[in-house]
Protein chains: 2
Amino acid sequence: MVFDFGTLVASLNRLSTSDHQSVVSINLFVALICACIIIGHLLEENRWMNESITALVIGLCTGVVILLISGGKNSHILVFSEDLFFIYLLPPIIFNAGFQVKKKSFFRNFSTIMLFGAVGTLISFIIISFGATSIFKKWNIGNLEIGDYLAIGAIFSATDSVCTLQVLSQDETPLLYSLVFGEGVVNDATSVVLFNAVQNFDLSHINTSKALELVGNFLYLFASSTILGVATGLLSAYIIKKLYFGRHSTDREVAIVILMAYLSYMLAELFYLSAILTVFFSGIVMSHYTWHNVTESSRVTTKHAFATLSFIAEIFIFLYVGMDALDMEKWRFVSDSPQLSLQVSSILLGLVLVGRAAFVFPLSFLSNLMKKSPEERISFNQQIIIWWAGLMRGAVSMALAYNQFTRGGHTQLRANAIMITSTITVVLFSTGVRYLNFFFDKISGINNSIRKMQNLQDMAFELTKKSLANYTNYLSQS
Amino acid sequence: MVFDFGTLVASLNRLSTSDHQSVVSINLFVALICACIIIGHLLEENRWMNESITALVIGLCTGVVILLISGGKNSHILVFSEDLFFIYLLPPIIFNAGFQVKKKSFFRNFSTIMLFGAVGTLISFIIISFGATSIFKKWNIGNLEIGDYLAIGAIFSATDSVCTLQVLSQDETPLLYSLVFGEGVVNDATSVVLFNAVQNFDLSHINTSKALELVGNFLYLFASSTILGVATGLLSAYIIKKLYFGRHSTDREVAIVILMAYLSYMLAELFYLSAILTVFFSGIVMSHYTWHNVTESSRVTTKHAFATLSFIAEIFIFLYVGMDALDMEKWRFVSDSPQLSLQVSSILLGLVLVGRAAFVFPLSFLSNLMKKSPEERISFNQQIIIWWAGLMRGAVSMALAYNQFTRGGHTQLRANAIMITSTITVVLFSTGVRYLNFFFDKISGINNSIRKMQNLQDMAFELTKKSLANYTNYLSQS
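Computed from a prediction, not measured in an experiment: that's the story for all the values here. (Residues numbered from 1 in each chain as written. Chains lettered and ligands numbered in written order. Predicted model: local features only at pLDDT ≥ 70, side-chain atom pairs only at ≥ 80, totals over all residues. Heavy atoms only, no water.)

**Side note on the overall build of chain A**
And then number 1: Within chain A one finds 20 helices and 0 strands.
And then number 2: Partitioning the intrachain contacts of chain A with sequence separation of at least 6 by distance along the chain shows that 83% fall at a separation of at least 24.
And then number 3: Just so you have it, chain A exposes about 19600 Å², and 66% of that area is on carbon and sulfur atoms. (Helix = DSSP H or I, 4+ residues; strand = E, 2+ residues; numbered from the N terminus. Contact = heavy atoms within 4.5 Å. Areas by Shrake-Rupley, 256 points an atom, 1.4 Å probe, with all protein chains shown as cover.)

As structure tokens, then:
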């Protein structure tokens, strides 16, 4: 029953000189995060830059410096730890996403969001897994098993929702914002659920019952995680309402909200559920019920404290990704065959593009069929933005890739090293070109073809609607 | 340059079943902290109970349960880690103390506070070290060196300032509050400085130059730590003033304040200064300058976020102390000679009482001599309250004791085990009887003798004042 944190952290013993390095590392990291915030703020006018990009660039630069100091040995001051990511950095990001989401437009578009987030991710997962399997099997990459290919599907189906939203505005384009944001969060959860399902199943021989079991497992995780999140959120609201009783105790309220939010995440981990989904729904319920039962100052505090924690965690991750991008251990394998690595990265990027297109357009079409008023429909232009906005791959992809292809932050196998470096390349590339959508609506050539496609889809839409109406008529007459 | 957090935390790997225990531990701890807050709140009407006592009691109960489950092997789920304490739990507590202190009365009484906090702690340190050396050397305790005795002096000179204040009210007794609070914080810093000085010096043969070197070291640490804290605070104020520039960025502001506060602490650690003093002064400067440059919502957020973090950290420590109090490994040595252990604890308690009396009364007398208006003087009644309020020993004592007498949370030597258990006993006892001051002013017998002592001290005061005036007269005439 001993959580051996003591002996673990004892090796970074504070007072002994030998482990003074850990203090140096913490100092460096905190100072770099400060630098990212300041530089990111100074460059705010520039739409091409923001904290995340700054963190990536600063991380890269620091990586270069460390690489030079250490004589080309390593480029990071922190070996990637899945636990650091999943136990400390991810919970505030996802909870904050749930806490700050505009519930009204989230629930109005709930069916579309679920369609995109769950079904869409599944489609993208299948296409990427299938594509990767059929292409990479012929190449001389190394020993990748079916589980690895499925993992690749899950890794590259995880969009970087939080980061993406810095381009869209919640006030200017409310429909797009809620769609992309909601999809991103449900997508996060789905791809982690998929990833866990893939890791826990014996995939050497798949048959129908196995596939059904996977779907069942997925549905069970989805339902139970959501229920746990909602239950914790409601419990916190009940406790705070009972506790409040006319007394003034802002700190206690804030403490209870923070602890219950974290507890929901850790409880989900305890029961092997999807902690991300749990904490997201707990965030939604808490902002809807708990938040209205606390004092005014608690409201301000929780709102900004969660946003700040999430903000710091994000910067930390990007800073780390930037530093780790130069890790020699991984690139050593790649340097033997730079062309192959580039090909793998391009293929993966292509698969991501195709996988996303394969669900955004058909599912938007489906969703439009269900909507009555034309304003609620997703125009073709908006579909393109949704498709494009969701192409970024970020922290979740990185974490999943590290989980699948490394052991304790280190890579020994060639195939694994190639997959890690390809993930880094895709993340860096997709984060780098994301600001192209700023130009998107300025290029008239593209705009013309978009208009043509819009007309085409409108025609298809009317046709389908008419034939559906005819069919319903026919059914009611017969 | 590798901060090996990865491999460190990798052993509590999230996804593998074998290390599911760490998830269990975190769940248990978070749930227990929630329980402490709720129960502490429900018992608020009762002046005998509060969150800290509740945490101690719940910790003890949980310890019993774990002890029964583990078959008498261990009682805690978390091996005590100095790093956990010094890197994560202590900074928010001390920063918050500096951030929330009423600066006006703090600086008005600054000389008295410094007198109590620095000189007083030194006196207490000397008396306790000397007393422990002369008494324990004759007893059959085990192998304790001169460094150990000096460490005992430092350990038991550290008062539990934060906890103490739950008895005093900042509005009802502003002078007492600022004195006890201010003294407590400076005391914390002083005893840690003393402790570090004791640990880093070769104390096998002390001579005058060594003693002077110690004093010089102490003064250097004190000055440089304060300067670093003030500098970081001012830097944060400057950055935020520059950054603000009419833009709205609450999260960035809050992030910068939190990160700079933590950075000040870690920088002090980096340069082997007193991080506690640094972060305390950085807290004072930040609340005085930075806080007034941020937006209204940032003000509310930082104020409550720091208070909440400090609150959670305190509960965590008490919960842990409660659990650890039942650790069999330590009591095994003691069970061979329960009488000896009891005697050691009583002697230490006695020394704490004497050591505190030896500086509170003389130094109050000195401080009164410097004050012009009679309202600013500390009455004898108030002196008794100061003496009594500062008797509690808490988390800092525990942490220092663990640092001196354990290796990685474990105790092998008999003498060390006795010192640890005695520290636990003194902390538990002093925290337990602290609420007796609630009764203090109700017992008329004590009140009578206080009055007599007050008259006695007043006479001595007038006498000294008169003779000082005569002396000054004499000097000016001659």
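**Remarks on the side chain of Thr226 of chain B**
All names here are of chain B.
And then number 1: In this structure, Thr226 sits in helix 10 (residues 208-244).
And then number 2: For Thr226, a relative accessible area of 18% puts it in the buried group.
And then number 3: Looking at Thr226, its side chain comes within polar contact range of the main-chain oxygen of Phe222, at 2.7 Å.
And then number 4: Beyond its immediate stretch of four places on either side in the chain, Thr226 contacts Leu277 and Phe281. (Buried < 20%, exposed > 50% of the residue type's maximum accessible area, 1.4 Å probe, protein only. Polar contact = N/O pair within 3.5 Å; in protein donor to acceptor, adjacent residues only side chain to side chain.)

**What about helix 7 (residues 146-155) of chain B?**
And then number 1: A large share of helix 7 of chain B lies buried, amounting to 8 of its 10 residues.
And then number 2: If you check which residues of helix 7 of chain B are buried, you get Asp148, Tyr149, Leu150, Ala151, Ile152, Gly153, Ala154 and Ile155 of chain B.

**Brief notes about the nonpolar core**
And then number 1: Counting 256 residues, the largest nonpolar core has Ile152 and Leu319 of chain A together with Ile152 and Leu319 of chain B as its most contacted members.
And then number 2: In terms of residue count, helix 9 (residues 174-200) of chain B provides more of this core than any other element does, 14 residues in total.
And then number 3: Apart from residues no more than four positions distant in its own chain, Ile152 of chain B is found in contact with Ile128, Ala132, Leu348, Phe405 and Met419 of chain B. (Core = buried A, V, L, I, M, F, W, Y, C linked by side-chain atoms within 4.5 Å.)

**Comments concerning the environment of Ala237 of chain B**
Residue and element names in this part refer to chain B.
And then number 1: Mapped onto the elements of the fold, Ala237 is located in helix 10.
And then number 2: Sequence-wise, Ala237 and Val427 are 190 residues apart; in three dimensions their C-alpha atoms are separated by 38 Å.
And then number 3: Not counting residues up to four positions away in its chain, the partners in contact with Ala237 are Tyr289, Thr290 and Asn293.

**Concerning a nonpolar patch on the surface**
And then number 1: Nonpolar side chains collect at one region of the surface, where Tyr471, Tyr474 and Leu475 of chain A lie side by side and expose about 360 Å² of accessible area between them.
And then number 2: Tracing the chain through its elements places Tyr471 of chain A in helix 20 (residues 444-477). (Patch = residues over 30% accessible without salt bridge, like charges linked within 9 Å, V, L, I, M, F, W, Y side chains within 5 Å. Salt bridge = Lys/Arg side-chain N within 4 Å of Asp/Glu carboxyl O.)

**Digging into the environment of Met266 of chain B**
And then number 1: Of note, Met266 of chain B is situated in helix 11 (residues 250-270).
And then number 2: Apart from residues lying up to four places away in sequence, Met266 of chain B is in contact with Val23, Ile26 and Asn27 of chain A together with Ile87 of chain B.

**Considering the packing of aromatic side chains**
And then number 1: Applying the stated rule across the entire model yields 18 aromatic pairs over all chains.
And then number 2: The positively charged end of Arg299 of chain A is found above the aromatic ring belonging to Trp291 of chain A, 5.8 Å away from the centroid. (Phe/Tyr/Trp six-rings, centres within 6.5 Å; stacked < 30°, edge-to-face > 60°. Lys NZ or Arg CZ within 6 Å of the ring centre and 35° of its normal.)

**Some points on unusual backbone geometry**
A negative phi angle is the norm for most residues apart from glycine, just as the trans form is the norm for most peptide bonds.
And then number 1: The phi torsion at Tyr272 of chain A lies on the positive side, around 60°, for a residue other than glycine.
And then number 2: Mapped onto the secondary structure, Tyr272 of chain A falls in the loop between helix 11 (250-270) and helix 12 (275-288).

**Observations regarding the confidence of the model for chain A**
All names here are of chain A.
And then number 1: Averaged over chain A, the pLDDT score is 77; the fraction of residues at 70 or greater is 79%.
And then number 2: Long-range and interchain partners of residues 1-18, a stretch whose pLDDT sits below 50, account for 50 contacts in this model, where long-range means more than four residues apart.
And then number 3: Scored below 50 in pLDDT, residues 437-444 makes 10 contacts in the model with residues more than four places away or belonging to other chains.
And then number 4: Overall fold confidence (pTM) sits at 0.79, and the ipTM for the predicted complex is 0.77. (pLDDT = per-residue confidence, 0-100.)

**Structural notes on the side chain of Ser298 of chain B**
All names here are of chain B.
And then number 1: Its place among the elements puts Ser298 in helix 13 (residues 296-324).
And then number 2: According to the relative accessible area criterion, Ser298 is buried, its value standing at 1%.
And then number 3: Here Thr295 takes part through its side chain, which lies 2.9 Å from a polar atom of the side chain of Ser298.
And then number 4: When residues no more than four places from it in sequence are discounted, the contact partners of Ser298 are Thr250, Glu253 and Val254.

**Side note on the packing of helix 11 of chain A against helix 13 (residues 296-324) of chain A**
Any two packed helices are characterised by how steeply their axes cross, that is the angle between the axes, and by the distance between the axes.
All names here are of chain A.
And then number 1: The contact between helix 11 and helix 13 brings their axes to 9 Å, and the two run at 40°. In terms of axis orientation, helix 11 runs oblique to helix 13. Helix 11 and helix 13 meet at a crossing whose hand is right-handed. Here helix 11 contributes Thr250, Glu253, Val254, Val257 and Ile258 to the contact with helix 13, which in turn contributes Ser297, Ser298, Thr301, Thr302 and Phe306.
And then number 2: Along the lines of polarity and charge, the residues of the contact of helix 11 with helix 13 split into 4 nonpolar, 5 polar and 1 charged. (Axes fitted to C-alpha atoms, helices over the stretch in contact; angles between N-to-C directions. Parallel < 35°, antiparallel > 145°, perpendicular 65-115°, else oblique. Left-handed = near helix turned anticlockwise from the far one by under 90°. Nonpolar A, V, L, I, M, F, W, Y, C, P; charged D, E, K, R; others polar.)

**Digging into the packing of helix 15 (residues 338-370) of chain A against helix 16 (residues 380-389) of chain A**
Residue and element names in this part refer to chain A.
And then number 1: The contact between helix 15 and helix 16 brings their axes to 9 Å, and the two run at 145°. In this structure, the crossing between helix 15 and helix 16 has a hand that is right-handed. Along the contact surface, helix 15 presents Leu353, Arg356, Ala357, Val360, Phe361, Ser364 and Asn368, while helix 16 presents Phe380, Gln383, Ile384, Ile386 and Trp387.
And then number 2: For the contact of helix 15 with helix 16, a count of residues per class yields 8 nonpolar, 3 polar and 1 charged.

**What about the state of the cysteines?**
Residue and element names in this part refer to chain A.
And then number 1: Throughout the structure, instances matching the rule amount to 0 disulfides over all chains.
And then number 2: As a non-bridged cysteine, Cys36 has Cys34 as the owner of its nearest cysteine sulfur, 9.2 Å distant.
And then number 3: Classification of Cys36 by relative accessible area gives buried; the value is 0%. (Disulfide = S-S within 2.5 Å.)

**Some remarks on the pattern of salt bridges**
And then number 1: Applying the stated rule across the entire model yields 4 salt bridges over all chains.
And then number 2: Across the pair Arg356 of chain A and Glu183 of chain A runs a salt bridge whose closest N-O atoms are separated by 2.8 Å. Here Glu183 of chain A lies in helix 9 (residues 174-200) and Arg356 of chain A lies in helix 15, a separation of 173 residues in the sequence.
And then number 3: Between Glu296 of chain B and Arg299 of chain B there is a salt bridge whose closest N-O contact spans 3.7 Å.

**What about the environment of Leu456 of chain B?**
And then number 1: Within the element layout of this structure, Leu456 of chain B appears in helix 20 (residues 444-477).
And then number 2: For the pair Leu456 of chain B and Phe380 of chain B, spaced 76 residues apart in sequence, the C-alpha to C-alpha distance is 9.6 Å.

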